[in-house]
Amino acid sequence: MANPVDSEVSRRGVLVGGTATAMIGILPSGQVQAQSARSDAARQDFGVSFEVNGKPYSLQLDTRTTLLDALREHIHLTGSKKGCDHGQCGACTVIINGVRINSCLTLAVMHQDDRITTIEGLGTPEQLHPMQAAFVKHDGYQCGYCTPGQICSAVAVLDEIKAGIPSHVSADLTSPPALTNIEMRERMSGNICRCGAYSNIAEAIAEAAGSKT
Amino acid sequence: MKFDTPAQTNPIDRMRLVGRAHPRIDGPLKTTGSATYAYEHRDVVTNPAYGVIVGSAIGKGRIARIDLTVAERAPGVIAIVIAENAGKLGKGKYNTAKLLGGPDIDHYHQAVAVVVATTFEQATAAAALVRVEYAQSEGRFDLEEALKTAPLAKDPNSPEKQGPPESRTGDFEQAFARAPVKLDELYTTPDQSHSMMEPHASIAAWNGDKLTMWTSNQMIDWGRTDLATTLGIPKENVRFVSPYVGGGFGCKLFLRSDAVMAALGAKAAGRPVKVALPRPFVPNNTTHRPATRQRIRIGATADGNILAIAHESGSGDLPDGQPETATNQTRLLYAGANRLTSMRLAVLDLPEGNAMRAPGEAPGLMGLEIAMDELAEKLGMDPVELRVRNDTQVDPEKRDRPFSQRNLVRCLREGAARFGWQRRSPSPGAVRDGNWLVGMGMAVAFRNNMNIPSGARVRLGQDGRVTVETDMTDIGTGSYTIIAQTAAEMMGVDIEKVLVRLGDSAFPVSSGSGGQFGANSSTSGVYAACVKLREAVAQRLGFNSAEATFAHDQVLAGNRSAKLIDAVRDGELVAEDKIEWGGLDKSYQQSTFGSHFVEAAVDGFTGEIRVRRMLAVCAAGRILNPLTARSQVIGAMTMGVGAALMEELAVDKRRGFFVNHDLAGYEVPVHADIPHQEVIFLDEADDKVSPMKAKGVAELGICGVAAAVANAVYNATGVRVRDYPVTLDKHLIGLPAIS
């Protein structure tokens, strides 16, 4: 394992300018002011362009801005939720180039030219995506705060199974995974629902997947 | 409307809409990300600045010095509020500890500053530059130690709160000493975190001396009142708006620091400010379910009749706090002539303990229902039969006071039959499935019904649509939907014609959401307002309101009929009323009942525990919407599995804080932990509780679950664990030998 202090510095070193303040924690206290003053001068926004739900966006963003905050605070797509900001709950799940990701754990400037789908891109209240309709029918939610993340995850899970990607509970890594209840529960376990709608979410996903389990 | 005599037949009894499984009317918004939660009101607040809270780094002591010079010069910083510059602040009625600390610090992560900056990133970076020097003092963080000298505590909710702190009936000591079969054990439950998915969040906007708060709060009027008290301004100057609440479970019953710091930050910054608590602040900055240590003694005859029962519980809280009322259910649940319950309250300097889903009963039944399982084993009796044997139809402390309705035995019998309980092996550790040890367990669910006054305003518009306005909240409970069902039933229109507006202090004060009182109380308030609106409609139409019936957009009286819309031809009609409660809860004990059945498997090699099947049978009066009520129960069962197997805030007894204060360290059940869950509601209508004849289920659902899981694990392994959560390290050493 690498020296934790070295790797910490080099990881942060990659993120120029705006993260200088974050380094203060590892500097002797005498350097705090000098470092802070430098960060003032050095802070810079960064240009990034990506597509969200089929629409192109070009943004000037603080390099520290997560993709989640870019979506919520800059593009004003607040469907993706901030439940923990640490990649622990899954409420911020979005789909990037077909693959689901915790948008709180990735910086917006890392997504140049990416195609991002959020909950708002799946369907609208008037025209629900089949997964959204299945969640309504099976009451696969209560407070609704984890729901956009659950639905984005569920849509991506079905694609992962279709693509033959195995999971921790797949009995066999070489044969295609099946649309079983246990496969879906395992793959959905990064999306916490504290209201405890899991049993209903499982039924909603099963219906949207067209399976009987 | 005052409810002081049992309900007669009324329009709700038609159950054309009420009592039907209707999908949530807010479902399309929630599933498309279109429902606006507290931090998201961009449509009304277009230029917010961002506030980030700095939390105390010590558990007890004082702030010696705060140096803001570096933070103030950080990019984008607009204002920093600390106790020194916040002006004089009061403390809300429902808060135990003040929400802005300094100079004295009452608990870890108590807010000590809010840094307001143009962007979230700037505010976050600058908050890390606030330099706080603390003078730490000795704190009391060890519950077991503190309980050794803790005094008895009165039940804050008991009608006899002036009376003795113990509750005694008969002579417990003598009866217990003589009982042929005895149980005397200690059960412990840990501190638990609500960990609702949406952390507390608020946007504050001042307009002169008027303050509007878009926030996430279960009890609009409590929050609004306590914010006014805290800021020292008239309540009329504060408006709370909370149309969607991302879960609460009790953690959002009260005003919290996000709201206070947003209000103070916005004042200082001269512009709207939004503040969300970071996830790692939730356990230590807000409230939690306090840990308990419960001694339970039960003495019984050889054939299983309880002669003596004692439940003594101890918990801790900050100075002027409250006990966790873990002995509540033991006063009412089982028969037995000789009874003793008491609580001790230790002063601890940990964060504030307060209500979490089924406060009292949830941890109380975690102890009591293992104790009953142990007693059944000592008696050589089936655990279901032991409970049936000790059922009571009257309050065991006041035998002339019956239950309004008590179908616990039916819950037990029906649950046992549906679950296949007869296949359970009475000897533990006897059933194997490959490497797995398999067991079944059960427990009783019990939670009292509470009624709270609740108001509503209903409007019949000239378009024939009905609008309901009440400050009631929907925290995932389904309030929007059951209120729409109630108004549609009363006014004889389709549910699509009803618009429900919630969570705004501009609307009549409701019960709010808590204590499983929300569904029954708030729909009863809507019922009362609709009765008034029906009278106004009948009067406009020249009908006798007593004999008018409302159905299919028509009003009928005798052989006359009119369109509902005819009543508003000359202008809309508005009616407002509230439900108030008479003394029926004095003459009748009003409670909800259930049974939980669980099958668990334990890995014979590793001790890993998996829940395989779960069933709940509930008797809770009329079920207003079986779809959303079922969700309440399965969600509570899920939280019960968490309580049984994983949830525990680990206390650092030297520094005084909860160590595992995020969703990685504080583990809650995930998809893979929860099997398919079955829920059965008995067909009931309780005319003693309300015109809706309904009671709550949201807390009943968690009551007893953890014990049912623990009993199933015991039945699988033969190793009894009395210290929650039941983790594999606690039974691994005692697991049966693998043959």
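Because the structure is a prediction, the values reported are computed rather than measured.

Attention now moves to the environment of Thr-66 of chain A. All names here are of chain A. Relative to the elements of secondary structure, Thr-66 occurs in the loop between β2 (55–62) and α3 (67–74). Look at Thr-66 and you get buried, because 23 C-beta atoms sit within 10 Å. Through-space distance from the C-alpha of Thr-66 to that of His-76 is 14 Å; in sequence the pair is 10 residues apart.

All names here are of chain B. At a closest axis distance of 9 Å, the pairing of helix α12 (residues 479–491) and helix α13 (residues 518–541) adopts a crossing angle of 30 degrees. Judged by the inter-axis angle, α12 sits roughly parallel to α13. Along this stretch, α12 crosses α13, giving a crossing that reads as right-handed. Between α12 and α13, the residues in contact are Ser-479, Ile-482, Ile-483, Thr-486, Ala-487, Met-490 and Met-491 and Gly-518, Ala-519, Ser-522, Thr-523, Val-526, Tyr-527, Cys-530, Leu-533 and Arg-534, respectively. Taken together, the residues of the contact of α12 with α13 sort by class into 10 nonpolar, five polar and one charged.

This next bit is on the nonpolar core. Counting 281 residues, the largest nonpolar core has Val-114, Val-115, Val-116, Ala-263, Ala-487, Cys-618 and Val-709 of chain B as its most contacted members. Residues from two domains meet in this core; each of domain 1 (44–121) and domain 2 (130–209) of chain A gives at least three. The residues contacting Val-709 of chain B, other than those within four sequence positions of it, are Gly-441, Val-598, Ala-600, Val-611, Gly-640, Val-641, Ala-644 and Leu-645 of chain B.

Our focus in this paragraph is the sheet that holds strand β26 (residues 554–557) of chain B. Backbone hydrogen bonds hold the strands of a sheet together, and the pairing may be parallel or antiparallel. All names here are of chain B. Read across the open sheet, the three strands follow the order β25-β26-β27; overall the sheet is antiparallel. Whereas interior strands pair on both sides, the edge strands pair on one side only; in this sheet they are β25 (549–551) and β27 (560–563). Each neighbouring strand pair of the sheet contributes to a mean axis angle of 20 degrees, computed without reference to strand direction. Of the pairings in the sheet, the one linking β25 to β26 comprises three bridges and is antiparallel in character. By the bridge assignment, Phe-550 is partnered in β26 with Val-555.

Residue and element names in this part refer to chain A. Packing of helix α5 (residues 130–137) against helix α8 (residues 198–209) brings their axes to within 8 Å, and their N-to-C directions diverge by 140 degrees. Taken together, the axis directions place α5 and α8 in an arrangement best described as oblique. Between α5 and α8 lies a crossing of right-handed hand. Every residue of α8 that contacts α5 at Pro-130, Met-131, Ala-134 and Phe-135 is listed here: Ala-204, Glu-207 and Ala-208. Here the contact of α5 with α8 is built from residues that sort into six nonpolar, no polar and one charged.

Residues and elements named next belong to chain A. Entries for chain A in the domain assignment read domain 1 (44–121) and domain 2 (130–209). On the side of domain 2, 13 residues touch domain 1, which itself brings 15 residues to the contact. Of all the elements in the fold, those that place two or more residues in the side of domain 1 that touches domain 2 are β3 (93–96) and β4 (99–102). With three residues, β3 is the largest single contributor of residues to the side of domain 1 that touches domain 2. Looking at the side of domain 1 that touches domain 2 residue by residue, the class counts come to seven nonpolar, six polar and two charged.

Rules used in this analysis
- Residues numbered from 1 in each chain as written.
- Chains lettered and ligands numbered in written order.
- Predicted model: local features only at pLDDT ≥ 70, side-chain atom pairs only at ≥ 80, totals over all residues.
- Helix = DSSP H or I, 4+ residues; strand = E, 2+ residues; numbered from the N terminus.
- Buried ≥ 20, exposed ≤ 12 C-beta atoms within 10 Å, placed from the backbone.
- Axes fitted to C-alpha atoms, helices over the stretch in contact; angles between N-to-C directions.
- Parallel < 35°, antiparallel > 145°, perpendicular 65-115°, else oblique.
- Left-handed = near helix turned anticlockwise from the far one by under 90°.
- Contact = placed C-beta atoms within 7 Å.
- Nonpolar A, V, L, I, M, F, W, Y, C, P; charged D, E, K, R; others polar.
- Core = buried A, V, L, I, M, F, W, Y, C linked by C-beta atoms within 7 Å.
- Domains from an automatic or database assignment.
- Pairing = 2+ DSSP bridges.

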